[in-house]
Amino acid sequence: MAQLSVQGIDTAYDRIDVLHGVSLDVEPGRITCILGSNGSGKTTLIRSILGLTPPHAGDIVFEGASLVGQPTHRIVGRGIACIPEGRRIFPKMTVAENLAVGAYQLSDEAEVARRAAQVYELFPRLKERRDQLAGTMSGGEQAMVSVGRGLMAKPKMLIIDEPSLGLSPLYVKENFRIIRRINDMGITVLLVEQNVRQTLAIAHYGYVLSQGRMVAHGAAADLAADAEVRAAYFG
Amino acid sequence: MSLDIFSQYLINCLMLGMIYAMVAVGFTLFFGVLDIIQFSHGDVLMVGGFTALVTYAGAQALGVANPWLQLALMVLIATALTAGLGVLVARYLVLPLKNAPPLNTLLITLMMGMVLREGVRLAYPNGSNPQPFPRLLPGGVWSVGGFEARIDSTILLLVGLALITGLHLLITRSKLGLAIRAVAQDGETARIMGINFNWIVLLTFGIGSGMAALGGVMNGLYYTEINFGVGLLLGVIGFAAAILGGLGNLYGAILGGFLFAALQTVGAVVLPMLSQHIPSSYKDVFAFAVVIALIAWRPTGLIAEKSTERA
Ligand SMILES: Nc1ncnc2c1ncn2[C@@H]1O[C@H](COP(=O)(O)OP(=O)(O)O)[C@@H](O)[C@H]1O
Ligand SMILES: [Mg+2]
């Protein structure tokens, strides 16, 4: 059974529908990706799942229970974490404090320290700079903070929205390597990307959004050859 | 100026600065989490002062005679009830207007301030006139060399210092403080991190309003009287201090409070020296004029933070 199941949702900003009957299934332990050009509704779909912009029709079910109508902090408490679009690190906090916010719902301080140590192992650079204000770091380093912060909650599912946006090719490559490692830890990944080729290379399954509708889905290998995917991006 | 006069001016200046700072931190905390100005904040302070007064009367009626016990009851009850008032203002007036134009929040809290002010004036016996506030701290003076200070003022100053230090530690070291800062820097991302946004806003209003109540009690103990309009001037000064320090910046607000008190003191001392025709009561005119000039010179406050933070 799917771990997360989005069932025919309509989502609107100010009464204008942006998503139209969108459905999607995420299998546990997999990397599922959502492809689609700018403005096709990928971020809105994530906002719907997190309860930031709840859908007004349809249902979203995580591990057997509906998320619709729940406040965001409860949804996060169910085991869903997110690395938001644009990284959104807390600029006036140190690296260590940013990580601490990521583990906000965990009260066991020793466990928080253990997870921080794991994040520092993944990103040694963050360890060197743990007391630096995150807002003063380079884009690539801020991306590390954002990813590390998302891991601090030790989520069952991690939603990642365009992690390689604005990064240099070197960091993009590193990013995909990290995402694979996160998945190897047993965390389900829902990945939104514009970088079609590299995304489909690491994903197991993919969906294609176009103008707020799901227009294609399939195994990543099949999608890579699919004409509709090419149409959604290039034509 | 002889040393004993100098010490009086200094203690008075520090005392005023402390009270202003305690009001200003509320304005700056509320602006931090919700980007709004709570214009009834000064009147919330006044309610804190009057709650302490009512508690004092109640304690006397119940036969509690020990002044320290009376004071402890006044501080506890006034802080708790006033924090509760702040939470109610946030829950029923401010949060429901979160997505409305900020002007509506401004107006509704301004009107709330009038309700509190007029409510206390009418409901408190003889409320239109200043009410005596009990002298509960030990009287007397201590002196070192020619420097002398009243014992009660010194206690108030030390307590104020402890409170502001405590608030600083709460904001910078505790988990609650971490959440308040997260909400202040980016409310939506704070929610994505699993922080209960509304809960943090309510707690912030509770903390800020509790600080204002403590400021109200300190003000009453210092002047040994309180009147229903005390929140009006203290509110404007606290707001000015918060703006001066850069809204959203805790240290800026504290600095702004002490700066305003320093300006008033300088005005009181220097103006009569410049001309016999300018009495020291022009100190407020002088202080506000300088603040206006400072804000015109540094529109984002002396310590600009919020603007760079949002960039
Ligand atoms: N906060 C918002 N208010 C109104 N419309 C929005 C908002 N955010 C996004 N939209 C609109 O919703 C559509 C989908 O946007 P988005 O979900 O951000 O797409 P993507 O993430 O795929 O680039 C776009 O047409 C965009 O203009
Ligand atoms: Mg997007």
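For clarity, every value in this text was computed on a predicted model and none was experimentally measured.

On to the overall build of chain B. Across its full length, chain B carries 12 helices and 4 strands. Radius of gyration (C-alpha) of chain B: 20 Å, near the 19 Å computed for a compact globule of 311 residues. Seen through its C-alpha atoms, chain B measures out along the principal axes to roughly 60 × 55 × 35 Å. The proportion of buried residues among the 311 residues of chain B is 51%. A fraction of 75% describes how many contacts in chain B between residues 6 or more apart in sequence connect residues 24 or more apart. Counting every atom, chain B has about 13,600 Å² of accessible surface; 70% of that belongs to carbon and sulfur. Seen as two clouds, the 14 positive and the 12 negative side-chain charges of chain B have centres 7 Å apart.

It is worth spelling out the overall build of chain A at this point. Looking only at helices and strands, chain A features 10 helices and 10 strands. Radius of gyration (C-alpha) of chain A: 17 Å, near the 18 Å computed for a compact globule of 235 residues. Seen through its principal axes, chain A has C-alpha atoms that stretch 45 × 40 × 35 Å. Once local pairs closer than 6 in sequence are excluded, the contacts in chain A between residues at least 24 apart make up 68%.

Residues L69, L73, L76, I77 and L81 of chain B make up a contiguous nonpolar surface patch of roughly 450 Å² in combined accessible area. Inspection of the secondary structure puts L81 of chain B in helix α3 (residues 67–94).

What follows covers the state of the cysteines. Residues and elements named next belong to chain A. Evaluated as defined, the whole model comprises 0 disulfides over all chains. The thiol of C82 is not disulfide-bonded; the next cysteine sulfur, from C33, is found 16 Å away. The class for C82 is buried, based on a relative accessible area of 4%.

All names here are of chain A. The 4 strands are arranged β2-β1-β4-β5 in an open sheet whose pairing can be described as antiparallel. Two strands close off the open sheet at either side, each with one partner strand: β2 (16–26) and β5 (65–66). As paired elements, strand β1 (residues 4–13) and β2 share 7 bridges and run antiparallel to each other. Its bridge partner being in β2, I9 is matched across the sheet by V22. Contacts from helix α1 (residues 42–50) reach β1, β2 and β4 (57–62) within the one sheet, and its direction differs from that of β1 by about 110°.

Another aspect to go through is the packing of aromatic side chains. A ring pair, where both rings are aromatic, is described by two values, the distance of the centres and the angle of the planes. All names here are of chain B. Under the criterion given, the structure shown has 9 aromatic pairs over all chains. Relative to Y124, the ring of F50 has its centre 5.0 Å away and its plane inclined at 70°; by these criteria the two rings are edge-to-face. Here F50, found in helix α2 (residues 41–61), pairs with Y124, found in the loop between α4 (102–123) and β1 (131–132); they are 74 residues apart in sequence, far enough to count as distant. Comparing F50 with Y124 shows no difference in burial state: the two are buried.

Attention now moves to the confidence of the model for chain B. Residue and element names in this part refer to chain B. Model confidence for chain B is summarised by a mean pLDDT of 92, while 97% of its residues fall at 70 or above. Within chain B, no element has a lower average pLDDT than helix α12 (residues 306–310), which sits at 41, and none a higher one than helix α7 (residues 187–192), at 97. Under a pLDDT of 50 for its full length, residues 306–311 has, in the predicted model, 16 contacts with residues more than four places off or in other chains. Scored as a complex, the prediction yields pTM 0.92 and ipTM 0.94.

Each strand in a sheet pairs with its neighbour through backbone hydrogen bonds, running either in the same direction (parallel) or in the opposite one (antiparallel). Residues and elements named next belong to chain A. Across the sheet, 6 strands lie side by side as β6-β7-β8-β3-β9-β10; this open sheet has mixed pairing. Each having just a single partner strand, β6 (80–83) and β10 (213–219) make up the two edges of the open sheet. Neighbour-to-neighbour, the strand axes of this sheet turn through a mean angle of 15°, independent of strand direction. Relative to strand β8 (residues 188–192), strand β3 (residues 31–35) is paired through 4 bridges, and the arrangement is parallel. Bridging across to β8, I34 finds its partner in V192. Contacting β6 and β7 (157–161), helix α6 (residues 139–151) crosses the sheet at an angle of about 175° to β6.

Between chain A and chain B, the residue contacts involve 24 residues of the former and 21 residues of the latter. Between chain A and chain B, the buried area comes to about 2,100 Å², and carbon and sulfur atoms account for 60% of it. Along the contact surface separating chain A from chain B lie 4 salt bridges. Between R88 of chain A and D186 of chain B there is a salt bridge, and its shortest N-O distance comes to 2.8 Å. For the side of chain A that touches chain B, the elements supplying multiple residues, two or more each, are α1, α2 (72–77) and α3 (95–102) of chain A. When the residues that make up the side of chain A that touches chain B are grouped by side-chain class, the tally is 13 nonpolar, 6 polar and 5 charged.

Our focus in this paragraph is the packing of α2 of chain B against helix α9 (residues 230–245) of chain B. All names here are of chain B. Between α2 and α9, the shortest axis-to-axis distance is 7 Å and the interhelical angle comes to 135°. As far as their axial angle goes, α9 and α2 are oblique. In terms of crossing hand, the pair formed by α2 and α9 is right-handed. Here α2 contributes G42, D43, L45 and M46 to the contact with α9, which in turn contributes V230, G231, L232, L234 and G235. Residues of the contact of α2 with α9, tallied by class, amount to 5 nonpolar, 3 polar and 1 charged.

L4, L45 and I49 of chain A together with L34 and I195 of chain B are the most contacted members of the largest nonpolar core, which has 120 residues in total. Sort the elements by how many residues they give to this core and helix α1 (residues 3–34) of chain B lands first, with 18 residues. With sequence-adjacent residues up to four places away left out, I49 of chain A is seen in contact with L4, V6, I60, L67, I75, I80, I159 and L190 of chain A. Core analysis: the next-biggest nonpolar cluster, separate from the first, contains 43 residues, I89, M137, L151 and V208 of chain A among them.

Analysis parameters
Residues numbered from 1 in each chain as written. Chains lettered and ligands numbered in written order. Predicted model: local features only at pLDDT ≥ 70, side-chain atom pairs only at ≥ 80, totals over all residues. Heavy atoms only, no water. Helix = DSSP H or I, 4+ residues; strand = E, 2+ residues; numbered from the N terminus. Rg over C-alpha atoms; globule rule 2.2 N^0.38 Å. Buried < 20%, exposed > 50% of the residue type's maximum accessible area, 1.4 Å probe, protein only. Contact = heavy atoms within 4.5 Å. Areas by Shrake-Rupley, 256 points an atom, 1.4 Å probe, with all protein chains shown as cover. Lys, Arg positive; Asp, Glu negative; His and termini not counted. Charge placed at Lys NZ, Arg CZ, Asp CG, Glu CD. Patch = residues over 30% accessible without salt bridge, like charges linked within 9 Å, V, L, I, M, F, W, Y side chains within 5 Å. Salt bridge = Lys/Arg side-chain N within 4 Å of Asp/Glu carboxyl O. Disulfide = S-S within 2.5 Å. Pairing = 2+ DSSP bridges. Axes fitted to C-alpha atoms, helices over the stretch in contact; angles between N-to-C directions. Phe/Tyr/Trp six-rings, centres within 6.5 Å; stacked < 30°, edge-to-face > 60°. pLDDT = per-residue confidence, 0-100. Buried area = accessible area lost by both parts, 1.4 Å probe. Nonpolar A, V, L, I, M, F, W, Y, C, P; charged D, E, K, R; others polar. Parallel < 35°, antiparallel > 145°, perpendicular 65-115°, else oblique. Left-handed = near helix turned anticlockwise from the far one by under 90°. Core = buried A, V, L, I, M, F, W, Y, C linked by side-chain atoms within 4.5 Å.

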